[in-house]
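Coordinate inspection notes
Listed below are the residues making up each chain.
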Amino acid sequence: MAETASAEITAWQDAALAAALFALDPAGTGGVALRASAGPVRDRWLSQLRGMLPGTDPWRRVPLNVADGRLLGGLDLAATLRSGRPVAERGLLAEADGGVVVLAMAERLSSATAARLVAVLDAGEVCMERDGVALRSPARIGVLALDEGVSAEENIPGALLDRLAFHVDLASLGIFDAQGDTISAEEIGVARNRLRRIVAGERTIESLCGAAMALGIDSTRAPLLALRVARAAAALAGRMEVTDADAALAARLVLAPRATRLPPVSEDHAEPPPAEVAASEDAQNDQPTPAPENGALEDVVLEAAKAAIPAGLLAQLAQGGGARRRSVSVGRAGQLLRSNKRGRPIGAMRGELKAGARLNVLETLRAAAPWQRLRQATAHDDLVHSRAKISVRREDFRITRFKQRAESTTIFVVDASGSAALNRLAEAKGAVELLLADCYVRRDRVALIAFRGSNAELLLPPTRSLARAKRGLAGLPGGGGTPLAAAIDAAVALADAVRRRGETPTIVMLTDGRANIARDGAQGRARAEEDALGAARKMAAAEFAVLFVDTSPRTQPQAQKLAAEMHARYLALPYAGAAAISQAVRASASDRSAGGGA
Amino acid sequence: MSSPFPFSSIVGQDEMKMALLIAAVDPAVGGVLVFGDRGTGKSTAVRALAALLPRIRVIKGCHYGCDPVTDGKWCDDCREKYAKDEPKSALVAVPVVDLPLGATEDRVVGALDLERALARGEKAFEPGLLARANRGFLYIDEVNLLEDHLVDLLIDVAASGENVVEREGLSVRHPARFVLVGSGNPEEGELRPQLLDRFGLSVEVKTPEDLATRIEVVRRRDSYERDPAAFVEKCRKQEERLRRQIVAARARLPAVSVPDAALERAATLCMALGTDGLRGELTLMRAARAMASLEGDSTVEDKHLRRVAPAALRHRLRRDPLDEAGSGVRVARAIEQLFGA
């Protein structure tokens, strides 16, 4: 187990090692975020993990749409009805105490469910206050989050991800890569017994903290998790104290995937932290890799982490693009489970059990409760009633009422090409900002697509978060061609996704309408315009509310034609500022809600 | 959960600790909102506060933890039961009640006692979390993810100090005076401005930026996790000292005077920042008084105002959503102008 960072260690070996360390200490390491599509590689990884877990450890799968009652626990309906008094039932998390909870399709997990998991992970127990019963039960669990996301926008909610030590990516591996030794459950069991007594020196703590900071990792949980992983690594290797190799391994597995920037290279060797100067050399003797000249552990750790940062990410980090990537899929607060009756439950009312109506069992029982004695006294001759402990009648039925928030999302499609950039980009940014201020009060959402060069880019996925919007806007560059068709396609796709979520999209196009890049990226005005018109027709067919703001200095016939094809409201705003645009958007949105259509 | 991480051992995050201590000294300040990055010890601090606070005396058997001394604020049960004879009392820890996400409304406000209703056909009230939180703290982690109607309800009860239940033919009102503590991460979504304003103090927490502090955080946390009991024992003295400081501050609080000059200062500051309504000034004054009391001073001075102003005012400014500087900086700037550097 004494491998250190070197080129020979394959991604699979690291993944397998992560599985072993997770199996060793599921609750301590928090868990694994496993990014891989369903397939043989993932299956092999999972079966290896299961093989390493002692058979007595519980293993529970949590489906994506789990109800709170099952996740946290709630009223056991059958037992309640049988015994005539409320009986609490433990949820999945409590049942998994001491074992592993598997989240399928974790990238689609709502942040509300994630928050519940996080609370349990932090407290090590489930504290349930639901349905008239209160229950506390221990739940020291490790979470295995299966992330099947393919794009950068799909991600596990950040709060949960932060608490999982291992972020394993198997997406690039084939089944032939997945070869290697396995560790038996007995070995894990032995190592577990050792774990509690493992000592980690000050140097380990210092070096892990230092490395985390150099890699731009903000959360203090990361070095803490790395420390626990280092300890687990020592236990697995049969050592009683954490060596530098363990620390390096922990950095590679825990810190590297979290890196948001590359460590400053020049400082690495120039000035080791003062605490490291006194560090002894002898601990490094058992390492095959040559230690850096100054022998500082932090450098070893940092090197190990750096070597493990994936190549693609490295390039991205070098450009300073890491920060944006981190928080892409958060901010879905308040989104509720899909069903034929959706929305936020707002209490119960007396009602008939018609199609689609959901019986609120608890409220129904409450409604029936006061009458029990009376009914039992009068229903002696009625066999059906006398056998039941509780008699519930039709007038007791309570139906859950839902309220669906008519959320709207405004999608800005901003022309950042050379022709528009100079005079319009700043105003477009200003308009988005003003609208955002508005949306912030109304709790609406905003998204931003920018197009320039050869394609359109989703700069800001639908969000209500000011912090993220700020970041998205700050990095909006300008210049290049005008790929209008691609932009319209992107807007339609996004608006469609928004609508499928049950919200109302409004598209705002800010452009001069002078397309010069065709859909396939080829230059040339004629084809580009044709493509743009085609895309516009598609947009019209989807019947979205569209506002077309012509940003060219003089009104353009092309732009007008395009707007007509989109069935958009056309607005020529040659010299309008941000405030005017924002006002026009508001007017168009209220038009839509009043009259429907565009 | 055995013993929580000791409050006095939390590294840094001074503003958050100050806000929580102020709320402990004077609950009338109104709740505390803690917003910030992940992994900065928000939940740790709140849970630690419970262990830190001195125990309180309650009437034995009372669901709401009525105080045996001040009979003016008793619940209906106690008023009826102890109309003539003296109530028996007991010492208990200050309740810090966790409101788990996903809690249903009936558990929060209380509801018909199902067991008694089903078994005996009695109509009885089963108190909820609000009853349990009376005279203590109610903590909501990820407050921005809580259902809006629950947040509305909580804020309303926290402001009125009384929980009114009208459901299932029950009509109950009981005291529910608690300090609402909410925490959250702004990346997950914002709180409505109306709600922000209802929190007394608002603090922002950030990840410590220097290495030494971070190492200290991890080191303490690690040694706590390895042996919680020993770690808590080691911190017993400093915890005790902090506890005495709180007790002394509470006793001193009524005597702390607020000179007209300080009132004027507070008003000028609020006007300069353009805060809406008078709640900002009131909170600022109360918080400054609690601060003075904590520090052992008998009058409110500029230095107290300065320290509490960011926490009392930052969430009440008219939001310029994309102002890079953030409202904390705007308050700091206004203080600088008014009080001099």
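Quick look at the structure, then. (Residues numbered from 1 in each chain as written. Chains lettered and ligands numbered in written order. Predicted model: local features only at pLDDT ≥ 70, side-chain atom pairs only at ≥ 80, totals over all residues. Heavy atoms only, no water.)

1. So, the environment of Thr220 of chain A
- Tracing the backbone shows Thr220 of chain A in the loop between helix H10 (202-214) and helix H11 (221-237).
- Counting along the chain gives 11 residues from Thr220 of chain A to Cys209 of chain A, while the straight-line C-alpha distance between them is 8.2 Å.
- If we skip the residues at most four places from it in the chain, Thr220 of chain A touches Gly39, Thr207, Pro208, Arg214, Val217 and Val218 of chain B. (Helix = DSSP H or I, 4+ residues; strand = E, 2+ residues; numbered from the N terminus. Contact = heavy atoms within 4.5 Å.)

2. Quick word on a negative patch on the surface
- A cluster of acidic side chains, namely Asp218 of chain A together with Asp37, Glu209 and Asp210 of chain B, defines a negative patch on the protein surface.
- Relative to the helices and strands, Asp37 of chain B resides in the loop between strand S1 (32-36) and helix H2 (42-52). (Patch = residues over 30% accessible without salt bridge, like charges linked within 9 Å, V, L, I, M, F, W, Y side chains within 5 Å. Areas by Shrake-Rupley, 256 points an atom, 1.4 Å probe, with all protein chains shown as cover. Salt bridge = Lys/Arg side-chain N within 4 Å of Asp/Glu carboxyl O. Lys, Arg positive; Asp, Glu negative; His and termini not counted. Charge placed at Lys NZ, Arg CZ, Asp CG, Glu CD.)

3. Regarding the sheet that holds strand S15 (residues 504-511) of chain A
Residues and elements named next belong to chain A.
- Taken in spatial order, the 6 strands line up as S14-S13-S12-S15-S16-S17 in an open sheet, and their pairing is mixed. Every other strand in the sheet has two partners, leaving strand S14 (455-463) and strand S17 (569-572) as the edge strands with one partner each. Looking at each pair of strands side by side, their axes are set apart by 15° on average, direction ignored.
- The sheet contact formed by strand S13 (residues 445-452) and S14 spans 6 bridges and is antiparallel. By the bridge assignment for S14, Ala450 is matched with Glu457.
- Contacting strand S12 (408-415), S13, S14 and S15, helix H23 (residues 484-500) runs over the sheet at an angle of about 165° to S15.
- Running over the sheet, helix H25 (residues 557-566) touches S15, strand S16 (545-550) and S17 and is turned about 175° from S16. (Pairing = 2+ DSSP bridges. Axes fitted to C-alpha atoms, helices over the stretch in contact; angles between N-to-C directions.)

4. Here we look at the side chain of Thr29 of chain A
Residues and elements named next belong to chain A.
- Relative to the helices and strands, Thr29 is located in helix H2 (residues 26-29).
- Judged by relative accessible area, Thr29 falls into the buried class, the value being 0%.
- A distance of 2.8 Å separates a polar side-chain atom of Thr29 from the backbone oxygen of Asp25.
- Dropping the residues within four chain positions of it, Thr29 is found in contact with Leu21, Phe22, Arg163, Leu164, Ala165, Phe166, Leu225 and Val229. (Buried < 20%, exposed > 50% of the residue type's maximum accessible area, 1.4 Å probe, protein only. Polar contact = N/O pair within 3.5 Å; in protein donor to acceptor, adjacent residues only side chain to side chain.)

5. Details of the pattern of salt bridges
- For the coordinates displayed, the defined rule picks out 30 salt bridges over all chains.
- For Arg136 of chain A, the salt bridge is made with Glu125 of chain A, and the minimal N-O distance between the two is 2.5 Å. Of this pair, Arg136 of chain A sits in strand S7 (residues 133-138) while Glu125 of chain A is found in strand S6 (residues 125-130), placing the two residues 11 residues apart along the sequence.
- A salt bridge links Arg221 of chain B to Glu225 of chain B; the nearest nitrogen and oxygen atoms lie 3.3 Å apart. Remark: Glu225 of chain B and Arg221 of chain B occur in helix H9 (residues 211-226); sequence separation between them is 4 residues, near one turn of the helix.
- Members of the salt-bridge network, linked through shared partners, are Glu202 and Glu206 of chain A together with Glu216, Arg219 and Arg220 of chain B.

6. Considerations on the packing of aromatic side chains
Residue and element names in this part refer to chain B.
- Counting across every chain of the model gives 3 aromatic pairs over all chains.
- Judged by centre distance (5.1 Å) and plane angle (85°), the ring pair of Phe5 and Tyr224 falls under edge-to-face. One end of the pair, Phe5, is in the segment before helix H1 (14-25); the other, Tyr224, is in helix H9, with 219 residues separating them in the sequence. For the pair Phe5 and Tyr224, one class covers both residues: buried.
- With a centroid separation of 5.5 Å and 25° between ring planes, the pair formed by Phe5 and Phe231 is classed as stacked. With Phe5 in the segment before H1 and Phe231 in helix H10 (residues 228-234), this residue pair connects regions lying 226 residues apart in the sequence. You'll find Phe5 and Phe231 in the same group, each marked buried. (Phe/Tyr/Trp six-rings, centres within 6.5 Å; stacked < 30°, edge-to-face > 60°.)

7. Observations concerning the sheet that holds strand S7 (residues 137-140) of chain B
Residue and element names in this part refer to chain B.
- Taken in spatial order, the 5 strands make up an open sheet running S4-S7-S10-S1-S11, and their pairing is parallel. Of all the strands in the sheet, just strand S4 (96-98) and strand S11 (201-205) have a single pairing partner and so form its edges. Each strand axis lies, on average, 20° off the axis of its neighbour in the sheet, ignoring direction.
- Taken together, the 4 bridges between S1 and strand S10 (residues 179-184) define a ladder with parallel strand orientation. Within S10, the position partnered with Val34 by the bridge is Ser183.
- Along the sheet face, H2 touches S1, S4, S7, S10 and S11 and points at about 160° away from the line of S7.

8. Side note on H23 of chain A
Residues and elements named next belong to chain A.
- Given a rise of 1.5 Å per residue, 17 residues ought to cover 24 Å, and the 24 Å separating the end C-alpha atoms of H23 matches this to within 8%.
- Among the residues of H23, Leu484, Ala485, Ala486, Ala487, Ile488, Ala491, Val492, Leu494, Ala495 and Val498 are the ones counted as buried.
- The inward-facing, buried residues of H23 abut S12, S13, S14, S15, helix H24 (525-541) and H25. (Expected span 1.5 Å × (residues − 1).)

9. Quick look at the pairing of S13 of chain A
All names here are of chain A.
- With 7 of its 8 residues buried, S13 lies for the most part within the structure.
- Summarising the sheet, S12 and S13 pair through 7 bridges and their orientation is parallel. By the bridge assignment for S13, Ile411 is matched with Ala447.

10. Some points on unusual backbone geometry
All names here are of chain A.
- Positive phi outside glycine occurs at Met105, with the angle close to 50°.
- The residue Met105 is located in the loop between strand S5 (100-103) and helix H7 (111-123) in this model.
- In the Ramachandran plot, His567 falls in the positive-phi region, its phi being about 55° despite a non-glycine side chain.
- By the secondary structure assignment, His567 is in the loop between H25 and S17.
- What makes His567 exposed here is its relative accessible area of 52%.

11. Points about empty space enclosed by the protein
- Evaluation of the coordinates by the stated rule reveals 4 cavities of 30 Å³ or more.
- As a volume, the largest cavity reaches approximately 250 Å³.
- Forming the walls of the largest cavity are 19 residues, and the residues nearest its centre are Ala119 and Cys127 of chain A together with Arg47, Asp98 and Pro100 of chain B.
- Counting residues per element, the ones that place at least two in the lining of the largest cavity are H7 and S6 of chain A. (1 Å grid on protein atoms, 1.4 Å probe; cavity = no way out; pocket = protein on both sides within 12 Å on 5 of 7 lines; lining within 4 Å. Points joined across faces, edges and corners; volume = space filled by probe spheres on them.)

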